[in-house]
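Listed below are the residues making up each chain.
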2 protein chains.
Amino acid sequence: MKIVCIGSGNLATNLTRAWKTVGQPIAQVFSRSAEHAQLLAKQLDCPWTTSAETIITDADLYLFALKDSALQEVATRMRPNKGLWVHTAGSLPMNVLQPFSDRHGVLYPLQTFSKNRLAAWRTIPIFLETSHKEDGALLETLARQLSDDVRFLSSEQRKHIHLAAVFACNFVNHLYAIAGNLLTEAHVPFETLLPLIDETAAKVHRLTPKEAQTGPAIRYDENIIHKHLTLLNEHPEWQTLYERLSQDIHQKAHQ
Amino acid sequence: MKIVCIGSGNLATNLTRAWKTVGQPIAQVFSRSAEHAQLLAKQLDCPWTTSAETIITDADLYLFALKDSALQEVATRMRPNKGLWVHTAGSLPMNVLQPFSDRHGVLYPLQTFSKNRLAAWRTIPIFLETSHKEDGALLETLARQLSDDVRFLSSEQRKHIHLAAVFACNFVNHLYAIAGNLLTEAHVPFETLLPLIDETAAKVHRLTPKEAQTGPAIRYDENIIHKHLTLLNEHPEWQTLYERLSQDIHQKAHQ
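Residues numbered from 1 in each chain as written. Chains lettered and ligands numbered in written order. Predicted model: local features only at pLDDT ≥ 70, side-chain atom pairs only at ≥ 80, totals over all residues. Heavy atoms only, no water.

1. Comments concerning the packing of aromatic side chains
The tally for this structure, following the rule as stated, stands at 16 aromatic pairs over all chains. Ring plane angle 35° and centroid distance 5.4 Å describe the contact between B:Phe64 and B:Trp85, whose orientation is recorded as tilted. Placement of B:Phe64 in strand E4 (residues 61–64) and of B:Trp85 in strand E5 (residues 84–87) is noted, with a sequence separation of 21 residues between them. An identical accessibility class is assigned to B:Phe64 and B:Trp85; each is buried. When the centroid spacing of 5.2 Å and the interplanar angle of 20° are considered together, the rings of B:Phe113 and B:Trp121 count as stacked. Across this residue pair, the class does not change: B:Phe113 and B:Trp121 are buried. In this structure an aromatic cluster arises from ring pairing among A:Tyr62, A:Phe64, A:Trp85 and A:Phe100. (Phe/Tyr/Trp six-rings, centres within 6.5 Å; stacked < 30°, edge-to-face > 60°. Helix = DSSP H or I, 4+ residues; strand = E, 2+ residues; numbered from the N terminus. Buried < 20%, exposed > 50% of the residue type's maximum accessible area, 1.4 Å probe, protein only.)

In structure tokens:
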């Protein structure tokens with residue numbers, strides 16, 4: 001399989017390095033940034049380019065791992081070819097690639113990726129979609145090299161999963177950030193929270209989040225809530241968040 | 001050491017069962033609910049009572065693990081004694097127990113507890129405070145039977161930690177609940193999110209939350225954000241949360 005990776009960010013880096021590890025090389029890397037293209041190509045031991053017009057035309061798979069807004073711009077500049085064009089975005093429908101290639105699809109791994117941290121791919125759910133059934137088999141073979149959890153899913157369902165992931169990952173991580181700031185103000189190190197963060201995540205493996213919930217909001221303990229809001233006087237934006245989240249927890253607990 | 005446990009909830013159950021496991025028995029359990037008192041006393045193999053007036057007076061430690069609002073009411077009805085009176089609340093100052101016992105203190109474990117799930121105590125930070133230094137040594141000995149992370153901390157700092165814990169645990173868990181609801185609506189099982197939830201928690205062991213952040217909010221991708229808000233049309237309360245959190249992520253990323 002000849003794969004071109006279009007993009008050099010967190011997902012592009014994790015995906016291509018994982019494929020290389022299981023013996024699937026990458027034929028070429030494209031990035032609009034020469035620095036990023038070079039950095040990834042070096043790790044993958046493959047050629048790189050910053051010019052979409054010079055992307056090779058004889059690859060089997062063109063994997064787009066770009067910002068949603070950059071995808072169309074780059075695809076427009078590429079030379080037409082007979083390969084399978086696949087994007088990796090949770091929020092974009094498959095057919096954004098239709099104007100560029102009759103053979104198109106999606107490979108969406110449900111995970112948060114950072115360049116300096118290689119993901120544990122075998123348990124990551126990978127959601128696939130293809131315009132042609134035969135391409136589904138091809139993409140599934142490639143995905144199964146990385147993960148044991150590969151599923152086919154429509155664009156419609158995928159966008160809901162992506163939204164859920166924003167809550168379960170990006171927003172959760174931001175609450176870690178807020179908690180960390182509040183600790184710093186009290187001269188307590190962030191690490192103090194790690195056992196609590198780990199247990200909060202571990203609990204929902206066994207209990208539903210509703211069963212796992214504890215704390216002042218569930219019983220709407222006005223005395224504690226009022227004290228907490230006062231402590232947040234310097235952070236009006238977190239006061240609003242605190243109120244909204246507490247009200248929602250209380251309301252959902254009693255539905 | 002003769003310990004009376006006043007309360008029979010999540011924390012009372014976890015704490016007393018952990019002490020029993022390491023060979024520290026419990027002398028008596030009090031709860032306002034006979035059913036709950038009996039259930040915990042059976043697990044601890046000790047007597048129980050629902051009448052605060054009959055709590056024994058010759059114990060070394062009276063451990064209050066009650067709702068904040070119930071603490072004063074129960075303490076008022078207890079017979080005076082020479083024991084050390086200790087509460088377990090993150091949000092209450094130590095001196096709420098001063099009117100009842102000259103020897104008083106706090107033992108606050110930073111964790112989320114559920115009755116049907118025994119906590120892994122050895123890594124849980126336990127924060128102590130006592131009115132008398134000698135009682136600090138006594139309480140520390142008891143706490144170290146359970147955890148390797150025992151620290152002394154003022155009431156002032158403890159209330160900030162408690163607030164941070166509400167963000168890092170209760171609010172995080174509620175975001176898991178929202179994500180789960182969104183998946184259910186798309187006919188995707190909650191378990192699909194577990195690798196993402198685990199990795200989001202694991203990342204902040206190595207990176208700061210700010211370094212670990214990914215997703216549309218950090219770059220304020222208006223196209224995706226607008227689509228997500230539209231998907232949330234049926235859930236105006238989550239739309240507001242989504243907007244607030246996204247704005248705050250974006251703003252903090254560029255500070």
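2. Considering the relation of the copies chain A and chain B
For the pair chain A and chain B, the superposition axis carries a translation of 0.0 Å, the fit reaches an RMSD of 0.0 Å, and the rotation angle comes to 180°. One copy is carried onto the other by what is essentially a two-fold rotation axis. Among all C-alpha atoms of chain A, that of A:Val172 lies closest to the rotation axis, at 2.7 Å. Mapped onto chain B, 99% of the interface residues of chain A again fall at the interface, so both copies present the same surface. (Least-squares fit on C-alpha atoms with pLDDT ≥ 70 in both. Contact = heavy atoms within 4.5 Å.)

3. Describing unusual backbone geometry
In this structure, A:Asp45 takes a positive phi of about 55° despite not being glycine. Relative to the helices and strands, A:Asp45 resides in the loop between helix H2 (34–44) and strand E3 (48–49). Looking at A:Asp45, the relative accessible area reads 68%, which means it is exposed. One non-glycine residue, B:His187, adopts positive backbone phi at about 60°. Here B:His187 lies in the loop between helix H5 (155–185) and helix H6 (194–203).

4. Digging into empty space enclosed by the protein
Tallied over the entire structure, the rule returns 1 cavity of 30 Å³ or more. Considered as a void within the structure, the largest cavity measures approximately 40 Å³ in volume. Lining the largest cavity are A:Thr200, A:Lys203, A:Val204, A:Ala212, A:Gln213, A:Thr214, B:Thr112, B:Cys169, B:Asn170 and B:Asn173. Of all elements in the fold, only helix H6 (194–206) of chain A together with H5 of chain B reach the threshold of two or more residues within the lining of the largest cavity. Each residue belonging to the lining of the largest cavity can be placed in one class, and the counts come to 3 nonpolar, 6 polar and 1 charged. (1 Å grid on protein atoms, 1.4 Å probe; cavity = no way out; pocket = protein on both sides within 12 Å on 5 of 7 lines; lining within 4 Å. Points joined across faces, edges and corners; volume = space filled by probe spheres on them. Nonpolar A, V, L, I, M, F, W, Y, C, P; charged D, E, K, R; others polar.)

5. So, the sheet that holds strand E4 (residues 61–64) of chain A
Residue and element names in this part refer to chain A. Ordered by their spatial adjacency, 8 strands build an open sheet running E3-E2-E1-E4-E5-E6-E7-E8, and the pairing between neighbours is mixed. Every interior strand has two partners, whereas the edge strands, E3 and strand E8 (150–152), have only one. In this sheet, strand E7 (residues 126–130) lies alongside strand E6 (residues 104–109) in antiparallel orientation, the contact comprising 5 bridges. When the bridges of E7 are listed, tyrosine 108 appears paired with phenylalanine 127. Together, strand E1 (3–6), E4, strand E5 (84–87), E6, E7 and E8 form the strand contacts of helix H4 (residues 133–144), whose direction differs from that of E7 by roughly 160°. Each of E5, E6 and E7 touches helix H5 (residues 155–185); the most contacted strand, E6, lies at about 25° to it. (Pairing = 2+ DSSP bridges. Axes fitted to C-alpha atoms, helices over the stretch in contact; angles between N-to-C directions.)

6. Quick notes on the pairing of E4(A)
Each regular strand carries side chains that alternate between the two faces of the sheet. Residue and element names in this part refer to chain A. Burial along E4 is two-sided: the face carrying Leu61 and Leu63 and the face carrying Tyr62 and Phe64 are both buried. Relative to E4, E1 runs parallel, the two sharing 4 bridges. Opposite valine 4, over in E4, you have tyrosine 62 as the bridge partner. Both E4 and E5 contribute to a ladder of 4 bridges, which runs parallel. The partner of leucine 61 across the bridge, within E5, is leucine 84. Between the parallel pair E4 and E5, the chain is carried across by helix H3 (residues 68–77), and the sense of this crossover is right-handed. (Right-handed = clockwise from strand over helix to strand, strands pointing away.)

7. Re the confidence of the model for chain A
Taken over all residues, the pLDDT of chain A has a mean of 96, while the share at 70 or more is 100%. Predicted as a complex, the structure gets a pTM of 0.94 and an ipTM equal to 0.95. (pLDDT = per-residue confidence, 0-100.)

8. Regarding the interface of chain A and chain B
The interface is formed by 85 residues belonging to chain A together with 84 residues belonging to chain B. There are 4 salt bridges connecting chain A and chain B. B:Glu199 serves as the salt-bridge partner of A:Arg117, at 2.7 Å between the closest nitrogen and oxygen. Counting the contacts that link chain A with chain B gives 32 residue pairs in polar contact (both at pLDDT 80 or more). Those elements that place two or more of their residues in the side of chain A that touches chain B are H5, H6, helix H7 (209–212), helix H8 (222–231) and helix H9 (236–253) of chain A. Top contributing element to the side of chain A that touches chain B by residue count: H5(A), with 24 residues. (Salt bridge = Lys/Arg side-chain N within 4 Å of Asp/Glu carboxyl O. Polar contact = N/O pair within 3.5 Å; in protein donor to acceptor, adjacent residues only side chain to side chain.)

9. Some points on the pairing of strand E6 (residues 104–109) of chain B
When you tally the buried positions in E6(B), you get 6 out of 6 residues, the bulk of the element. Burial along E6(B) is two-sided: the face carrying B:His104, B:Val106 and B:Tyr108 and the face carrying B:Gly105, B:Leu107 and B:Pro109 are both buried.

10. Side note on the sheet that holds strand E8 (residues 150–152) of chain B
Residue and element names in this part refer to chain B. Reading across from one edge, E3-E2-E1-E4-E5-E6-E7-E8 is the order of the 8 strands in this open sheet, with mixed pairing throughout. The sheet terminates laterally at strand E3 (48–49) and E8, the two strands that pair on one side only. The sheet contact formed by strand E1 (residues 3–6) and strand E2 (residues 28–30) spans 3 bridges and is parallel. Within the sheet, the bridge partner assigned to valine 4 lies in E2 and is glutamine 28. Against the sheet, H5 contacts E5, E6 and strand E7 (126–130), and its axis sits at roughly 25° relative to E6.

11. Quick word on the nonpolar core
In terms of nonpolar packing, the biggest core is built from 84 residues, with A:Phe167 and B:Phe167 touching the most fellow members. If we ignore the near neighbours within four places in the chain, the residues touching B:Phe167 are A:Leu175, A:Ile178, A:Ala179, A:Leu182, A:Leu232, A:Trp238, A:Tyr242 and B:Val172. (Core = buried A, V, L, I, M, F, W, Y, C linked by side-chain atoms within 4.5 Å.)

12. Re the state of the cysteines
Within this structure, the stated rule accounts for 0 disulfides over all chains. For A:Cys46, which is in no disulfide, the shortest distance to another cysteine sulfur is to A:Cys5 and amounts to 8.3 Å. We classify A:Cys46 as buried; its relative accessible area is 12%. No disulfide involves B:Cys169; its sulfur sits 18 Å from the nearest other cysteine sulfur, which is in A:Cys169. Since its relative accessible area comes to 4%, B:Cys169 is described here as buried. (Disulfide = S-S within 2.5 Å.)

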